Amino acid sequence: MNLKPVKPEDGFAWITGAGKGLGRALTVRLVEAGWTVLASARTESDLEALADETRTFAGKLVPLPLDITNAAAIQVALDDALRDQPLALAVLNA
């Protein structure tokens, strides 16, 4: 397997379970480092708090309320996100 490090300019990061715990901490670090992060969680208030916390960071947070058990909603969200740039990093934490 040939793995190469990814950088913010390679595309966006998608993190599921971004509202709490490890997913939240990783989201904060990536946005701080300049990544555009599609942050998904079931709880909209968690994503709003995360957006407030990262508002002044180098990167961009794109909050996405989403239940990852809903395959159709995931497909729609990813299709929409992929219109602007490629997916460079996915952390499926939920």
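Residues numbered from 1 in each chain as written. Predicted model: local features only at pLDDT ≥ 70, side-chain atom pairs only at ≥ 80, totals over all residues. Heavy atoms only, no water.

S.K.: Please explain the pairing of strand β3 (residues 60-65) as it appears in this structure.
M.R.: Across a regular strand the side chains alternate sides, sitting on one face of the sheet and then on the other. By the bridge criterion, six bridges tie strand β2 (residues 36-41) to β3 in an arrangement that is parallel. Its bridge partner being in β3, Ser40 is matched across the sheet by Leu64. Of the crossover connections in this fold, the one passing from β2 over helix α2 (residues 44-54) to the parallel β3 is right-handed. (Pairing = 2+ DSSP bridges. Helix = DSSP H or I, 4+ residues; strand = E, 2+ residues; numbered from the N terminus. Right-handed = clockwise from strand over helix to strand, strands pointing away.)

S.K.: Help me understand the pairing of β2, please; the structure alone is not making it clear to me.
M.R.: Counting buried positions over the six residues of β2 gives five, a clear majority of the element. Two elements, strand β1 (residues 12-16) and β2, share four bridges in a ladder whose sense is parallel. The partner of Ala13 across the bridge, within β2, is Val37. Taken together, β1, helix α1 (residues 21-32) and β2 form a β-α-β motif whose crossover is right-handed. (Buried < 20%, exposed > 50% of the residue type's maximum accessible area, 1.4 Å probe, protein only.)

S.K.: In this structure, what is going on with helix α3 (residues 71-81)? I would like to understand it.
M.R.: Residue pairs three or four apart in sequence face the same way in an α-helix, which turns once every 3.6 residues. Here α3 has its buried residues at Ile74, Ala77, Leu78 and Ala81. Buried residues of α3, viewed axially, fall in a sector of 95°; they line one side. The exposed set on the far side of α3, more than 90 degrees from its buried face, consists of Ala72 and Val76. Tucked into the core, α3 has its buried residues touching β1, β2 and β3. (Arc of directions from axis to C-beta. Contact = heavy atoms within 4.5 Å.)

S.K.: Help me understand the nonpolar core, please; the structure alone is not making it clear to me.
M.R.: A general feature of soluble globular proteins is that nonpolar side chains tend to end up buried together. With 14 residues, the main nonpolar core has Leu30, Val37, Ala39, Leu50 and Leu61 as its most contacted residues. For this core, the elements supplying multiple residues, two or more each, are β1, α1, β2 and α2. If near-sequence neighbours (up to four positions away) are discounted, Leu30 is found in contact with Ala13, Ile15, Trp35, Val37 and Leu89. Ranked by size, the runner-up nonpolar core spans nine residues in total, among them Trp14, Leu38, Ile74 and Leu78. (Core = buried A, V, L, I, M, F, W, Y, C linked by side-chain atoms within 4.5 Å.)

Shape is all these values report; function is a separate question.
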